[in-house]
Amino acid sequence: MSSTKISVMVVSGSLERLQMAAMVTSIGAVSGDDVTVFLSMNALSYFVKGHTGTAPAEGEFGRIMSSKNVPPFKELFQKALEFGDARIHPCSMAMDVLGVTDKDMEPYLAEPIGLTKFLTNAEGGRILTF
Amino acid sequence: MTARTVIDARGTFCPGPLMELIGGMKLINVGDELELLSTDKGSASDIPEWINKVGHQMVSTTEESGVWHIVVRKAK
């Protein structure tokens with residue numbers, strides 16, 4: 001089984017995009033890929049401790065999906081960590097803007113990193129943005 | 001004798017059934033089988049892809065009254 005490096009940048013706060021990012025992350029990680037997630041902009045606040053993970057739908061599909069038994073995106077990100085080779089980093093800039101520190105974030109997140117480090121890590125692999 | 005564990009993932013959508021299957025695979029021994037019940041048609045085609053990619057074995061896939069029975073064998 002060949003391993004692919006996948007870097008997932010998540011900036012949207014919409015349900016559909018968060019769900020798709022979590023699906024790619026979990027499926028990639030459980031399939032043997034090396035997955036790094038970078039959470040920034042509107043995506044970050046969902047990963048502050050205590051956030052329910054309820055995101056607004058962007059369109060019709062998201063509204064329909066909300067009524068179905070689809071695995072919650074925060075749970076899928078955690079499955080990626082549990083079953084595969086993945087790490088999820090909050091963006092240090094977005095943390096500064098929100099005024100949160102490491103201890104405010106979900107405990108399963110890796111250390112905060114900046115864009116320079118994310119892009120350096122992503123070299124030679126695929127970058128997907130949601 | 002080969003042991004077979006049944007996991008009921010009916011009613012959950014992709015990738016819920018796959019995640020339940022992977023969780024179940026961690027608990028069984030090499031050579032044992034797992035039967036996943038799923039109502040998600042997408043998972044019925046996607047799970048064999050995952051099994052082949054990571055090197056386990058597909059035993060059978062059958063559909064009865066809208067329920068897929070996906071039987072896999074842990075190979076490693």
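Keep in mind that this is a model prediction, so the values were computed, not measured.

Here's the deal with the overall build of chain B
Then comes step 1: When helices and strands are counted, chain B shows 2 helices and 4 strands.
Then comes step 2: Ordering the α and β elements of chain B from the N terminus gives β-α-β-α-β-β.
Then comes step 3: Taking 2.2 N^0.38 as the reference for a compact globule, 76 residues should give roughly 11 Å; the C-alpha atoms of chain B span a radius of gyration of 11 Å, in line with that estimate.
Then comes step 4: The C-alpha extent of chain B, read off along each of the three principal axes, is 30 × 25 × 20 Å.
Then comes step 5: Each of the 76 residues in chain B was classed as buried or not, and the buried ones make up 30%.
Then comes step 6: For chain B, the share of sequence-separated contacts (at least 6 apart) that also reach a separation of at least 24 residues comes to 59%.

Looking at the overall build of chain A
Then comes step 1: A count of helices and strands for chain A gives 5 helices and 4 strands.
Then comes step 2: In chain A, the succession of α and β elements from N to C terminus is β-α-β-α-α-β-α-α-β.
Then comes step 3: Relative to a compact globule of 130 residues, whose C-alpha radius of gyration would be 14 Å, chain A shows 14 Å and is just as compact.
Then comes step 4: Projecting the C-alpha coordinates of chain A onto the three principal axes gives extents of approximately 40 × 40 × 25 Å.
Then comes step 5: Out of the 130 residues belonging to chain A, those deemed buried represent 34%.
Then comes step 6: Intrachain contacts of chain A at a sequence separation of at least 6 include 76% that bridge at least 24 residues.

Quick notes on the interface of chain B and chain A
Then comes step 1: With 11 residues of chain B at the contact, the number on the chain A side is 13 residues.
Then comes step 2: For the side of chain B that touches chain A, the elements supplying multiple residues, two or more each, are α1 (16-25) and α2 (41-54) of chain B.
Then comes step 3: Here the side of chain B that touches chain A is composed, by residue class, of 6 nonpolar, 4 polar and 1 charged.

Regarding the sheet that holds strand β1 (residues 5-10) of chain A
All names here are of chain A.
Then comes step 1: The strand order across the open sheet formed by 4 strands is β3-β2-β1-β4, and the pairing between neighbours is parallel. The sheet is open, and its two borders are formed by β3 (85-90) and β4 (126-129), each paired with just one other strand. Recorded for the sheet is a direction-independent mean angle of 15 degrees between the axes of neighbouring strands.
Then comes step 2: Two elements, β1 and strand β2 (residues 34-39), share 6 bridges in a ladder whose sense is parallel. Pairing of isoleucine 6 across the sheet is with valine 35, part of β2.
Then comes step 3: Along the sheet, helix α1 (residues 15-30) makes contact with β1, β2, β3 and β4, crossing β1 at roughly 160 degrees.
Then comes step 4: On top of the sheet, helix α5 (residues 115-122) reaches β1, β2 and β4; it is set at about 150 degrees to β1, its chief contact.

Focus: helix α3 (residues 73-83) of chain A
Then comes step 1: Those residues of α3 of chain A that fall on the buried side of the exposure criterion are Phe73, Leu76, Phe77, Lys79 and Ala80 of chain A. End-on, the buried residues of α3 of chain A take up no more than an arc of 155 degrees, which puts them together on one face.
Then comes step 2: Residues of α3 of chain A that are buried in the fold lie against α1, β2 and β3 of chain A together with α1 of chain B.

Description of the environment of serine 26 of chain A
Then comes step 1: With respect to the element layout, serine 26 of chain A can be found in helix α1.
Then comes step 2: Taking the C-beta count within 10 Å as the criterion, serine 26 of chain A has 28 such neighbours and is therefore assigned buried.
Then comes step 3: Through-space distance from the C-alpha of serine 26 of chain A to that of glutamate 111 of chain A is 19 Å; in sequence the pair is 85 residues apart.
Then comes step 4: Once residues within four sequence positions are removed from consideration, serine 26 of chain A is found in contact with Leu76, Lys79 and Ala80 of chain A together with Pro15 and Met19 of chain B.

About the criteria used
The residue numbering used here restarts from 1 in each chain and proceeds along that chain's sequence as written. As they are written, the chains are lettered A onward and the ligands numbered 1 onward, keeping that order. Given that the model is predicted, a residue must reach a pLDDT of at least 70 before its local features are reported, and side-chain atom pairs must reach 80 or more before they are shown or counted; all residues, however, enter totals for whole chains, interfaces and linings. Think of it this way: any DSSP run of H or I at least four residues long counts as a helix, any run of E at least two long counts as a strand, and we number them from the N terminus. This radius of gyration counts C-alpha atoms alone. The globule rule is 2.2 Å times how many residues there are, raised to the power 0.38. Field definition: a residue is buried when 20 or more other C-beta atoms are found within 10 Å of its C-beta, exposed when 12 or fewer are, and partly exposed for counts in between, with C-beta atoms placed from the backbone. Throughout, a pair of residues is in contact if the C-beta atoms placed from their backbones lie within 7 Å. Ten residues, namely Ala, Val, Leu, Ile, Met, Phe, Trp, Tyr, Cys and Pro, are considered nonpolar, four, namely Asp, Glu, Lys and Arg, are considered charged, and the remaining ones, Gly among them, are considered polar. When DSSP locates at least two bridges between a pair of strands, those strands are taken to pair. Convention adopted: a line fitted to C-alpha atoms gives each axis, helices being fitted over their contacting stretch, and angles between N-to-C directions are expressed from 0 to 180 degrees. An arc is given here, and it is the one of the directions from the helix axis to the C-beta atoms.

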